[in-house]
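# Descriptive structure summary
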Amino acid sequence: MRFVDLSSQQRRIGKDLKSRLRAVLDHGQYIMGPEVAQLEERLAEYTGAPHAIACASGTDALLMALMALGVGPGDAVFTTPFTFVATAEVIALLRAVPVFVDIEPKTFNMDPGRLRHAVTTLQERRDSIHPMPRRIDWETLTPRGIVAVDLFGIPAEYEKIAAIARENNLFLVEDAAQSFGASREGRKACALAPIACTSFFPSKPLGCYGDGGMCFTTDKAMADLLVSIRVHGQGADKYQNVRIGINGRLDTLQAAVLLSKLRIFPDELEMRGKVASRYHDLIQHFHAPVDPPSVPEGCTSAWAQYSVLARSDKERSVLRARLHEAGVPTAVYYPTPLHLQAAFAYLGYQKGDFPVSEDCAAKIFSLPMHPYLTEAEQIHVIRNLAEGS
Ligand SMILES: *Cc1c(COP(=O)(O)O)cnc(C)c1O
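Reading guide: rules and limits
Residues numbered from 1 in each chain as written. Predicted model: local features only at pLDDT ≥ 70, side-chain atom pairs only at ≥ 80, totals over all residues. Heavy atoms only, no water. Near = heavy atom within 4 Å. Polar contact = N/O pair within 3.5 Å; in protein donor to acceptor, adjacent residues only side chain to side chain. Areas by Shrake-Rupley, 256 points an atom, 1.4 Å probe, with all protein chains shown as cover. 1 Å grid on protein atoms, 1.4 Å probe; cavity = no way out; pocket = protein on both sides within 12 Å on 5 of 7 lines; lining within 4 Å. Sits in = over half its atoms within 2 Å of the grid points. Nonpolar A, V, L, I, M, F, W, Y, C, P; charged D, E, K, R; others polar. Pairing = 2+ DSSP bridges. Helix = DSSP H or I, 4+ residues; strand = E, 2+ residues; numbered from the N terminus. Axes fitted to C-alpha atoms, helices over the stretch in contact; angles between N-to-C directions. Contact = heavy atoms within 4.5 Å. Parallel < 35°, antiparallel > 145°, perpendicular 65-115°, else oblique. Left-handed = near helix turned anticlockwise from the far one by under 90°. Points joined across faces, edges and corners; volume = space filled by probe spheres on them. Domains from an automatic or database assignment.

### Brief notes about the site of the ligand
- Of all residues adjacent to the ligand, which total 15 residues, the nearest are G58, T59, Q178, S199 and K204.
- At 2.7 Å, a side-chain N or O of Q178 approaches an oxygen atom of the ligand.
- Side-chain polar atom of S199 to an oxygen atom of the ligand: 2.7 Å apart, as the coordinates give it.
- In the complex, the protein chains occlude 93% of the 380 Å² of accessible area that the ligand would expose alone.
- Judged by the proximity of its atoms to the pocket grid, the ligand belongs to the largest pocket.
- The residue inventory of the shell around the ligand, partitioned by class, reads five nonpolar, eight polar and two charged.

Written out as structure tokens, the structure is:
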């Protein structure tokens, strides 16, 4: 059994994929070829975000967004410690300080109540209600913005988070690397904040055959800035450099792959939803000793991962070993929350600062998830999970 099955998908799109790749080889515009603009147009349409700017990875999308927002030294940016490292890494790369905010135990997304505490703490310069980085002069930081993450495919609580951003004059970025295709209150992921970033890493819900990403924005001026930053801060022509940028372009071949996969994406999304609800039913039916994920009212998930909580760290090891024996691959996203990672030790956070993230990191693991999982395979997974408990 595969954790993610890209070969069934490839068989399905094979003919269309080959003809699109052939077309790129024929026109030879490997950098910023017509497929890139076509993809931007299609994904803007799909998500409902007015502007889409393709780039080289999800990490570059986040970096470009923060560069366009002028994030730099002395800035504090609020995000969660229970995410892929890139979310906080780009904040640190720009010499700003990631101020971590703990998550909600049900969705694994940023807890708006705790976000409010963190913002108040910085504004009032008192750390009695929120754990702040101990090795940083955090009292001198300027609160600048929020990067909310749609973990495992479920959108964060944007109504509450956006209200906090508005009241405190903070920018809001949606890290939608795992949620492309999800929705909240009828709006699609990538259009839930003024700026959103997604990733086309092969295993993401919409993935290419290499690295790729995209920024989305509601603001034309921001879109123009992102276009400039994507190619070395170019001005009216490419040999005029008006700001510091990066080489953040998406390859034309990857855009062609994505255009091909986009044709079946809505169907695949539906299939992922069916797989997820079947897991849910099977977990109840076999009394498997795990908590299944729950999607909040008004939301749909892109099901980037199907992550469950074991009762303890120890029990997780036992369950994963049992599944491994039965030929079922599992993974742990994420075993160490970012505030306890060596790379962020310079901030001076400690164990105990973000107990919900730490507890989830100890108990969470993900089951195989892709549109082509069969019912028989899922029964095999959950039977083995339930066995002996
Ligand atoms: C995958 C991911 C990224 C980074 O995307 P890449 O394309 O791998 O650079 C950022 N944030 C989250 C939450 C992710 O899952």
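So, next bit.
### Details of the sheet that holds strand β5 (residues 171-175)
- Strands sit in the order β1-β9-β8-β5-β4-β2-β3 across an open sheet of seven strands; the sheet is mixed. The open sheet has two edge strands, β1 (51-55) and β3 (97-100), and neither has a second partner. The mean angle between the axes of side-by-side strands here comes to 25 degrees, regardless of whether they run parallel or antiparallel.
- Pairing between β5 and strand β8 (residues 195-199): three bridges, direction parallel. The partner of E174 across the bridge, within β8, is A196.
- Contacts between helix α6 (residues 158-167) and the sheet are confined to β4 (142-149) and β5, with β5 contributing the most and set at about 150 degrees to the helix.

### Description of the packing of helix α9 (residues 265-285) against helix α12 (residues 375-386)
- Axis separation between α9 and α12 bottoms out at 10 Å; the angle between their running directions is 40 degrees. The angle between the axes of α9 and α12 places the two elements in the oblique class. Classified by chirality, the crossing of α12 by α9 is right-handed. On α12, the residues that touch V275, R278, Y279, L282 and I283 of α9 are E375, Q378, I379, V381 and I382.

### Quick notes on the sheet that holds strand β6 (residues 183-184)
- Here we have three strands laid out as an open sheet, ordered β7-β6-β10, and antiparallel in their pairing. Two strands bound the open sheet, and with one partner strand each, they are β7 (187-188) and β10 (299-300).

### Description of empty space enclosed by the protein
- According to the stated counting rule, one finds two cavities of 30 Å³ or more in the structure shown.
- By volume, the largest cavity is sized at about 90 Å³.
- Surrounding the largest cavity, 15 residues form its lining, D5, L6, Q9, R272 and P371 being those nearest its centre.
- Taken together, the residues of the lining of the largest cavity break down into six nonpolar, four polar and five charged.
- Of the residues that make up the lining of the largest cavity, three or more belong to each of domain 1 (6-101 + 109-262) and domain 2 (265-386).
- Here the second largest cavity is characterised by a volume of approximately 70 Å³.
- Residue lining of the second largest cavity: K106, T107, F108, L151, F152, I154, P293, S294, W303, Q305, Y306 and S307, and that is the complete set.

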